[in-house]
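Structural features, examined
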Amino acid sequence: DVLAAIRYKQWENQAFYIPYENQLQHAISGGHDVQLHLHPHWLTSAFNNGMVYPSKDYSLADFKNNSEWDIASIVTKGVRQLEEICRKVDAEYNVLAFRAGGYNIEPESKEIFNQLAANSIRYDSSVVLKYYFVSALSLVDFRKLPQLPNWNIGMDGNFRQHAGSGILEIPVAAIPKTPFEIPTRFKLKHFSHRAPENHGTMIHEGNPGKRIQKMRMLFSSRMLTFDNHTLSAKYLMRILDYNVKRFAGFDTINLASCSHPKTMGTYSFSLMEQFIEMARTKYPGIEFTTFKEFHQLNTKH
């Protein structure tokens, strides 16, 4: 999230900004990828006496009528700041991909995608098929999406199956939850020994008040992630198998994984290694790649 770094720099908090910049540059130097991720609430949050007081402007849509910041300026500022940092170690580094903070790409998705395209963003990974989440700050509803592994989003906001102008959607791999799964609260307790020591607190406050919302969340999809210490490599393979079977008629399936650094512990990296080994054994043609490598491969053809 580059907006947090921008704000800490404005607050003259170098103890945050300098390590942040160093971390990204170290990642680039190591052959990793750095792409755009935005949590816009930082722009209207306050910092007093060493404490951050987060605003409730959680999604880009909350800035549609903001007099100081709008969607266009936020996206442009984020891209430019990231490229400024990364080009200190790679002079030709370009930001190509985006994931919305908290998966909040709606309800201003057309405007958001237009501004992403205007800043040369070629790929989006903000979508999780069949995912539903509600909090006091956020509503994410991906229950109605194209039944495709990937699609293009044009400047008009419409979906297109075939490649062309616009932004290619590479969704996070996911599988619908079933009624037979052990409730999460029990798994959190049973596998507590796998959890990171301290991952901080979430910004989301409260639970959805309506019973229907709670039921939708209960049967939302579960995504392919390595930061959930209740999951096993075998379960992650179920997610991959589900998507391979679901899109068996397509020549290529491009899927993303999403994990949060603050909840990545020792078990997370072990889980990642196990999953990659199992996936490569079962699907010899599978490739694990970065957005930068993916873009280079696709622009050659």
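Rules used in this analysis
Residues numbered from 1 in each chain as written. Predicted model: local features only at pLDDT ≥ 70, side-chain atom pairs only at ≥ 80, totals over all residues. Heavy atoms only, no water. Buried < 20%, exposed > 50% of the residue type's maximum accessible area, 1.4 Å probe, protein only. Helix = DSSP H or I, 4+ residues; strand = E, 2+ residues; numbered from the N terminus. Pairing = 2+ DSSP bridges. Right-handed = clockwise from strand over helix to strand, strands pointing away. Phe/Tyr/Trp six-rings, centres within 6.5 Å; stacked < 30°, edge-to-face > 60°. Expected span 1.5 Å × (residues − 1). Contact = heavy atoms within 4.5 Å. Polar contact = N/O pair within 3.5 Å; in protein donor to acceptor, adjacent residues only side chain to side chain. Patch = residues over 30% accessible without salt bridge, like charges linked within 9 Å, V, L, I, M, F, W, Y side chains within 5 Å. Areas by Shrake-Rupley, 256 points an atom, 1.4 Å probe, with all protein chains shown as cover. Salt bridge = Lys/Arg side-chain N within 4 Å of Asp/Glu carboxyl O. Axes fitted to C-alpha atoms, helices over the stretch in contact; angles between N-to-C directions. Parallel < 35°, antiparallel > 145°, perpendicular 65-115°, else oblique. Nonpolar A, V, L, I, M, F, W, Y, C, P; charged D, E, K, R; others polar.

To continue, consider the pairing of strand S4 (residues 97-100). Neither face of S4 is left uncovered, since the one carrying Ala97 and Arg99 and the one carrying Phe98 and Ala100 both have all their residues buried. Pairing between strand S1 (residues 36-38) and S4: three bridges, direction parallel. Bridge pairing in S4 places Leu38 opposite Ala100. The sheet contact formed by S4 and strand S5 (residues 123-124) spans two bridges and is parallel. From the neighbouring strand, Phe98 faces S5, where its bridge partner is Asp124. Once the chain exits S4 it traverses helix H4 (residues 109-118) before rejoining the sheet at S5, and the crossover so formed is right-handed.

Let us look at the packing of aromatic side chains. Between two aromatic rings, the relevant description is the distance of the centres plus the angle of the planes. Inspection of the entire model under this criterion finds 14 aromatic pairs. Look at Tyr8 and Trp42: their rings are 5.6 Å apart centre to centre, the planes differ by 50°, and that puts the pair in the tilted class. Of this pair, Tyr8 sits in helix H1 (residues 2-10) while Trp42 sits in the loop between S1 and strand S2 (46-48); the two residues are 34 residues apart in sequence, bridging distant segments of the chain. We note that Tyr8, like Trp42, is buried.

Here we take up helix H7 (residues 233-246). A rise of 1.5 Å per residue sets the reference length of H7, with its 14 residues, at 20 Å; its end C-alpha atoms lie 20 Å apart and thus fit the reference within 8%. Along H7, the residues classified as buried are Ala233, Tyr235, Leu236, Met237, Ile239, Leu240 and Asn243. Along its buried surface, H7 packs onto strand S11 (174-176), strand S12 (221-223) and helix H8 (266-282).

Our next topic: the side chain of Thr76. Its location among the elements puts Thr76 in helix H3 (residues 71-86). Residue classification places Thr76 among the buried positions, given a relative accessible area of 18%. A polar atom in the side chain of Thr76 sits 3.3 Å from the side chain of Asn119.

Together, Ile212, Met215, Leu218 and Phe219 line one region of the surface with nonpolar side chains, adding up to about 380 Å² of accessible area. In this structure, Ile212 sits in helix H6 (residues 211-218).

The description of two packed helices rests on the angle between their axes and on the distance between the axes. Where H1 meets H3, the axes come as close as 9 Å, and the angle between the chain directions of the two elements is 80°. As judged from the angle between their axes, H1 and H3 are roughly perpendicular. In this structure, H1 contributes Val2, Leu3, Ile6 and Lys9 to the contact, and H3 contributes Ile74, Lys77, Gly78, Gln81, Leu82 and Glu84. Each residue belonging to the contact of H1 with H3 can be placed in one class, and the counts come to five nonpolar, two polar and three charged.

Once that is clear, we can look at the pattern of salt bridges. The tally for this structure, following the rule as stated, stands at six salt bridges. In this structure, the salt-bridge partner of Lys64 is Glu108, at a minimum N-O distance of 3.4 Å. One end of the pair, Lys64, is in the loop between strand S3 (51-53) and H3; the other, Glu108, is in the loop between S4 and H4, with 44 residues separating them in the sequence. With its nearest N and O atoms 3.4 Å apart, the salt bridge here joins Arg87 to Glu83. By relative accessible area, Arg87 is classed as partly exposed at 35%. Accessibility expressed as a relative area gives 13% for Glu83, which makes it buried.

The omega torsion across Glu106 and Pro107 is 0°, close enough to zero to call that bond cis. For Pro107, the location among the structural elements is in the loop between S4 and H4. Residues other than glycine seldom take positive phi values, yet Glu12 does so here, at roughly 60°. Of the residues examined, Glu12 reaches a relative accessible area of 67% and is grouped as exposed. Positioned with a positive phi, Tyr103 is a non-glycine residue whose angle comes to about 65°. Position of Tyr103 among the secondary structure elements: in the loop between S4 and H4.

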